[in-house]
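Coordinates in review
One letter stands for each residue in the lines below.
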Amino acid sequence: MNASSNNSDDALPHLRVGPVWIPIYVIFYLPIMIFSVAGNLLVLVSFYREIEIRKRRHNYFIVSLALVDLVTGLVAIPCTVVARLVETPFTCMARTRPILHVPAYTLCGASVNHLVVISSDRYLAVTRVMKYPMIMTRRKCYILIAVAWGIAAAFGLAPVLGAWKNPADLSICDGSRYEAKSVTLHSLAIIALIPAILAVVVGIYIRVILVARKASYRRCDNGGGAVSSEVADREASARMRATVTMAMVLGAFIFCWLPTVFIYEIKNWYNFNAMFAIRTVVEIMAYSNSMINPIIYGYRNHLFRKSYKELLGSVCGQSSTTSSLRRRTCSSRLRSRFMSNTSNTEVPSSPT
């Protein structure tokens, strides 16, 4: 009887940490989730509504990256919070716990893949100006986006496939360590591969900026017709602005996500409480990247900024229009009453 009651108590969910962590998670994670979902919804709706945004090929990659950030706010963050705070057989068993981290691994890999694709697109846009429309067609954009998501899915599922080789009764919530070969390889890939890829992407952006500056100097030296020179300068400025925008997105990703790499190097150095605090801070930084990107798009791209204003104005304008209509109706009624009272109380002029 006691054994069965103990087993049923173990099956019930309870907190892995003290209750002091609950308000901390709510204060930090809830705004990140809300702004990630709302901000990236603005990006997706703007892409759907505005023809001018869809005309630019690199915006296809931006909207796909916005979808990554949207799913991060909807799925990855809640799964991470459950894995960190809740203790159940599902969240603690070495075979099933990695399932909760699949969204985070997949979406992190998707973000890195999109940054690689975007940097390659910017390189072609600046170095192959005349051939770029023929090279980067809409169909190729779809193919590159599908490849980026496919590689990310394989990267995210790798720890789950390896975790099924662990013993069925192995729990990690009691401090047990588990390292299947695929999990170890996955950790090594995060430690070595992702920083190397990001370093290559940074090198590509540096190369793109240098090429763009050299082309700008060459146009200034050659001169040319006033109209053709003005058009070329305007197009080059637009390409350069888009490149700088995506470089800012890359910088934000590196600042927010790179600390997670060091977690895998120091995870055996500290006790549970210290590592839990470190992981919490690092994960909050990483997930905050999902709400930063829409701000960068709106700040740097006037088309997105204009669409943001129209969408927010239409949402907020419904309530404000209703209230203003009520105020106008009320004021008109008051004026009519005042005029009627004035006409009734008017004193007739006395005869002279």
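The rules behind these values
Residues numbered from 1 in each chain as written. Predicted model: local features only at pLDDT ≥ 70, side-chain atom pairs only at ≥ 80, totals over all residues. Heavy atoms only, no water. Helix = DSSP H or I, 4+ residues; strand = E, 2+ residues; numbered from the N terminus. Buried < 20%, exposed > 50% of the residue type's maximum accessible area, 1.4 Å probe, protein only. Contact = heavy atoms within 4.5 Å. Areas by Shrake-Rupley, 256 points an atom, 1.4 Å probe, with all protein chains shown as cover. Expected span 1.5 Å × (residues − 1). Bend = angle between axes of the 7 residues up to and from the residue. Patch = residues over 30% accessible without salt bridge, like charges linked within 9 Å, V, L, I, M, F, W, Y side chains within 5 Å. Salt bridge = Lys/Arg side-chain N within 4 Å of Asp/Glu carboxyl O. Axes fitted to C-alpha atoms, helices over the stretch in contact; angles between N-to-C directions. Parallel < 35°, antiparallel > 145°, perpendicular 65-115°, else oblique. Left-handed = near helix turned anticlockwise from the far one by under 90°. Nonpolar A, V, L, I, M, F, W, Y, C, P; charged D, E, K, R; others polar. Phe/Tyr/Trp six-rings, centres within 6.5 Å; stacked < 30°, edge-to-face > 60°. pLDDT = per-residue confidence, 0-100. Core = buried A, V, L, I, M, F, W, Y, C linked by side-chain atoms within 4.5 Å.

To continue, consider the overall build of the chain. The helix and strand tally for the chain stands at twelve helices and two strands. In the chain, which comprises 352 residues, the proportion classed as buried is 39%. Summarising the internal contacts of the chain: among those between residues at least 6 apart in sequence, 80% fall at separations of at least 24. Accessible area of the chain: about 20100 Å², with a carbon and sulfur share of 67%.

The next point concerns helix α2 (residues 21-49). Here α2 spans 42 Å end to end across 29 residues, near enough to the 42 Å set by a 1.5 Å rise per residue. Taken as a whole, α2 carries its principal kink of about 25 degrees at Y29; the proline P31 stands between one and four residues after it.

Okay, a nonpolar patch on the surface next. Taken together, the side chains of L15, I22, V26, L30, I34 and F35 present a nonpolar region at the surface, about 520 Å² in accessible area. Among the secondary structure elements, I22 is positioned in helix α2.

Structurally, the α-helix is built with 3.6 residues per turn, so residues lying three or four positions apart point the same way. Look at helix α6 (residues 97-127): 46 Å from first C-alpha to last across 31 residues, which is about the 45 Å you get at 1.5 Å a residue. By the criterion of burial, α6 is predominantly enclosed, with 25 of the 31 residues buried.

Here we come to the packing of helix α4 (residues 58-85) against α6. At a closest axis distance of 9 Å, the pairing of α4 and α6 adopts a crossing angle of 160 degrees. In terms of orientation, α4 and α6 fall into the roughly antiparallel class. For the crossing formed where α4 meets α6, the hand is left-handed. In terms of residue class, the contact of α4 with α6 is built from 16 nonpolar, seven polar and four charged.

It is worth spelling out the packing of aromatic side chains at this point. Across all of its chains, the model carries eight aromatic pairs by this definition. Aromatic rings pair up to connect Y25, Y29, F253, W257 and Y287 into one cluster.

Right, let's get into the environment of K309. If you trace the backbone, K309 turns up in helix α12 (residues 302-344). Along the backbone, K309 and G298 are eleven residues apart, and their C-alpha atoms lie at a distance of 9.6 Å.

Let's shift gears to the confidence of the model for the chain. Averaged over the chain, the pLDDT score is 79; the fraction of residues at 70 or greater is 73%. Scored below 50 in pLDDT, residues 1-8 shows zero contacts in the model against residues more than four places distant or in partner chains. Low pLDDT, under 50, characterises residues 319-325; the stretch is placed with zero contacts to residues that sit more than four places away or in other chains.

As a further point, take the packing of α2 against α4. Relative orientation of the contacting elements α2 and α4 amounts to 160 degrees, with a least axis distance of 9 Å. One finds that α2 runs roughly antiparallel with respect to α4. Taken as a pair, α2 and α4 cross one another with a handedness that is left-handed. For the contact of α2 with α4, a count of residues per class yields 22 nonpolar, four polar and two charged.

This part covers the nonpolar core. It is characteristic of soluble globular proteins that their nonpolar side chains tend to be buried jointly. Core analysis: the biggest nonpolar cluster contains 58 residues, and Y287 and Y297 have the highest contact counts within it. Listing elements by their share of this core, those giving two or more residues are α2, α4, α6, α8 (138-163), α9 (181-222), α10 (226-266), α11 (272-300) and α12. Excluding residues that lie within four positions of it along the chain, Y287 makes contacts with Y29, I32, S36, T72, A76, I77, T80, A104 and W257.

Take the environment of I197 next. With respect to the secondary-structure elements, I197 resides in helix α9. For I197, a relative accessible area of 26% gives the class partly exposed. When the C-alpha positions of I197 and V112 are compared, they lie 7.9 Å apart, and in sequence the two are 85 residues distant. Non-local contacts of I197, meaning those with residues more than four positions away in its chain, are made with V112 and V116.

For the rest of this paragraph, the subject is the side chain of R122. As for its placement among the helices and strands, R122 is situated in helix α6. Discounting residues that sit within four places of it in the chain, R122 has contacts with H58, Y132, Y205, V208, R239, A242, T243 and M246.

The subject of this paragraph is the pattern of salt bridges. Tallying each qualifying case throughout the model produces six salt bridges. Its salt-bridge partner being E310, residue R49 comes within 3.7 Å of it at the nearest N-O pair. Of the two residues, R49 is situated in helix α2 and E310 in helix α12; the sequence distance between them amounts to 261 residues. For R49, a relative accessible area of 39% translates into the label partly exposed. Since its relative accessible area comes to 34%, E310 is described here as partly exposed.

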